[in-house]
Amino acid sequence: MGDDLEKVLVTEEQIKARLRELAAEIDADYAGKDLLLVGVLKGAVMVMADLARELHHPAEMDWMAVSSYGAGTTSSGVVRILKDLDADLKDRHVLIVEDVIDSGLTLSWLVGNLRSRGPASVEVCTMVRKPLAFDVDLDVKYIGFDLPNEFIVGYGLDYAEKYRNLPFIGTLAPHVHA
């Protein structure tokens, strides 16, 4: 990516190690339970795929796409479902898998939406949580890394739909997003 990147915050090795730890916790917590992983598109694709491969527990996967962003980089406050789940959540144990929790507003709405569908439980797993997420009443059971409130890319996180394919999490050089 040349000089587009400023610094690496979480290496590929750190991500892999943390995913193994999270998978072990999830396996223990959901032993004997019907687990449905719900990935939030597009960012969670990398996390969901790698997490699912680390699990020793059978789990189904489904995908959802929601948006609360307009053309800019701040939340519009209105959440829209762009792609809903195919699976019925009734009496299922649902684990929402996210790439990053920035403000937590959209995820808080999503948790409420999924809970209204009659699941046995709804929990959240995220690769990255940022400080603003602490301002929202949202219980996040599995957290990969707490990172500062910087604009980050890589491992599913994008800037203008680019950089998702990086195997690590880093920051962009200021000239890229200025």
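Quick caveat: nothing in here was measured; it's all calculated off a predicted structure.

Trainee: Explain the pattern of salt bridges to me, and be specific about the residues and the numbers.
Mentor: Inspection of every chain in the model, using the stated rule, returns 16 salt bridges. Between Lys83 and Asp86 there is a salt bridge whose closest N-O contact spans 3.8 Å. For Lys130, the salt bridge is made with Asp102, and the minimal N-O distance between the two is 3.1 Å. Highlighted residues: Lys130 in the loop between strand S6 (121-129) and strand S7 (142-146) and Asp102 in the loop between strand S5 (93-101) and helix H3 (105-115), separated in sequence by 28 residues. Classification of Lys130 by relative accessible area gives buried; the value is 5%. Connected through shared salt-bridge partners, Lys42, Asp158, Glu161 and Arg164 make up one network.

Trainee: Pulling in residues and values, what's your account of the sheet that holds strand S9 (residues 169-172)?
Mentor: Read from one edge to the other, the open sheet built from three strands follows the order S1-S9-S8, with strand pairing classed as antiparallel. With partners counted over all chains shown, the strands left at the sheet margins are strand S1 (5-10) and strand S8 (152-153), one partner each. As paired elements, S1 and S9 share four bridges and run antiparallel to each other. Within the sheet, the bridge partner assigned to Val8 lies in S9 and is Gly170.

Reading the values: the criteria
Residues numbered from 1 in each chain as written. Predicted model: local features only at pLDDT ≥ 70, side-chain atom pairs only at ≥ 80, totals over all residues. Heavy atoms only, no water. Salt bridge = Lys/Arg side-chain N within 4 Å of Asp/Glu carboxyl O. Helix = DSSP H or I, 4+ residues; strand = E, 2+ residues; numbered from the N terminus. Buried < 20%, exposed > 50% of the residue type's maximum accessible area, 1.4 Å probe, protein only. Pairing = 2+ DSSP bridges.

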